[in-house]
Amino acid sequence: MFQNFSGEMLALFGQSLWETVVMVGISGVVAALIGVPLGVALRLTDRGGVLQNRAVNGVLGGIVNAVRSTPFIILLVAIIPFTRLMTGSSIGTAAAIVPLTIAAAPFIARLVETALREVDAGLIEAAQAMGATTAQIVFKVLLPEALPGIVAGLTITFVTLTGYSAMAGAIGGGGLGDLGIRYGYQRFLPDVMLAVVVVLIVFVQAVQSLGDWAVRRLSHR
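Here's a quick rundown of the structure. Keep in mind it's a predicted model, so treat the numbers as computed, not measured. (Residues numbered from 1 in each chain as written. Predicted model: local features only at pLDDT ≥ 70, side-chain atom pairs only at ≥ 80, totals over all residues. Heavy atoms only, no water.)

1. Some words on the nonpolar core
Grouped together as the largest cluster of nonpolar side chains are 33 residues, with contacts concentrated most on Val-40, Leu-116 and Leu-142. Contributions of two or more residues to this core are made by α1 (7–45), α3 (72–78), α5 (93–117), α6 (121–129) and α7 (134–168). At 11 residues, the largest contribution of residues to this core is made by α5. Residues Leu-176, Val-192, Ala-195 and Leu-200 belong to the second largest nonpolar core, which totals 11 residues. (Core = buried A, V, L, I, M, F, W, Y, C linked by side-chain atoms within 4.5 Å. Buried < 20%, exposed > 50% of the residue type's maximum accessible area, 1.4 Å probe, protein only. Helix = DSSP H or I, 4+ residues; strand = E, 2+ residues; numbered from the N terminus.)

2. Regarding α1
With 39 residues, α1 extends 56 Å from end C-alpha to end C-alpha; this agrees with the ideal 57 Å at 1.5 Å per step. Residue Ala-32 marks the point of greatest curvature in α1, where the axis turns by about 30°. (Expected span 1.5 Å × (residues − 1). Bend = angle between axes of the 7 residues up to and from the residue.)

3. Structural notes on the packing of α1 against helix α9 (residues 190–219)
Helix packing geometry: the angle between the two helix axes and the distance between the axes. Viewed as axis vectors pointing N to C, α1 and α9 meet at an angle of 40°, and their least axial separation amounts to 12 Å. In terms of axis orientation, α1 runs oblique to α9. Crossing of α1 against α9: the hand is right-handed. Listed contacts from α9 to Met-9, Phe-13, Leu-17, Thr-20 and Val-21 of α1 are Val-192, Ala-195, Val-196, Val-199 and Phe-203. For the contact of α1 with α9, a count of residues per class yields nine nonpolar, one polar and no charged. (Axes fitted to C-alpha atoms, helices over the stretch in contact; angles between N-to-C directions. Parallel < 35°, antiparallel > 145°, perpendicular 65-115°, else oblique. Left-handed = near helix turned anticlockwise from the far one by under 90°. Contact = heavy atoms within 4.5 Å. Nonpolar A, V, L, I, M, F, W, Y, C, P; charged D, E, K, R; others polar.)

As structure tokens, this is what we get:
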């Protein structure tokens, strides 16, 4: 067992782990930049929201639901032309970031919307009574109050992206998933596959622990 772990294989593990970190990190940050404003828009335009607009909410909700209901492996293949347009290639780490971002953004939007729903309506009404603008309500009431929930949602997203990044390896997306498929499965090296699983478990545990710590700090401000 583990007799296949030469210096070259360990270097390959290090490179694959770095590719996974890059894929998850970049796609998670970009998806958050898209998903958080989208989640705020969903909450503001929802029934009882500050900017209630059922038509706009219906369109945004429909787009979010459509992307979320598409299995990730199908999304990977379906947007290959768009991925190639954005990155010049349909394989590799950079190419995998595109579908990962598209899959994560609507997921984050729903989590943010859920977190914002938990904000006490009395706080919003008090802010409106004092003449607060929509922007002030968003940045001084909604987001600060919902921040622990939003961070918890982002943590869930990063953990989910880790699994998605491994799935992207099935079509040459790079990272630990690609390493496990090419060496652990195709070359019949079960020790490599086991090592990939262990590294992914440790990586997910680290992400989850960091997210839980941030939530605790924000909850006790």
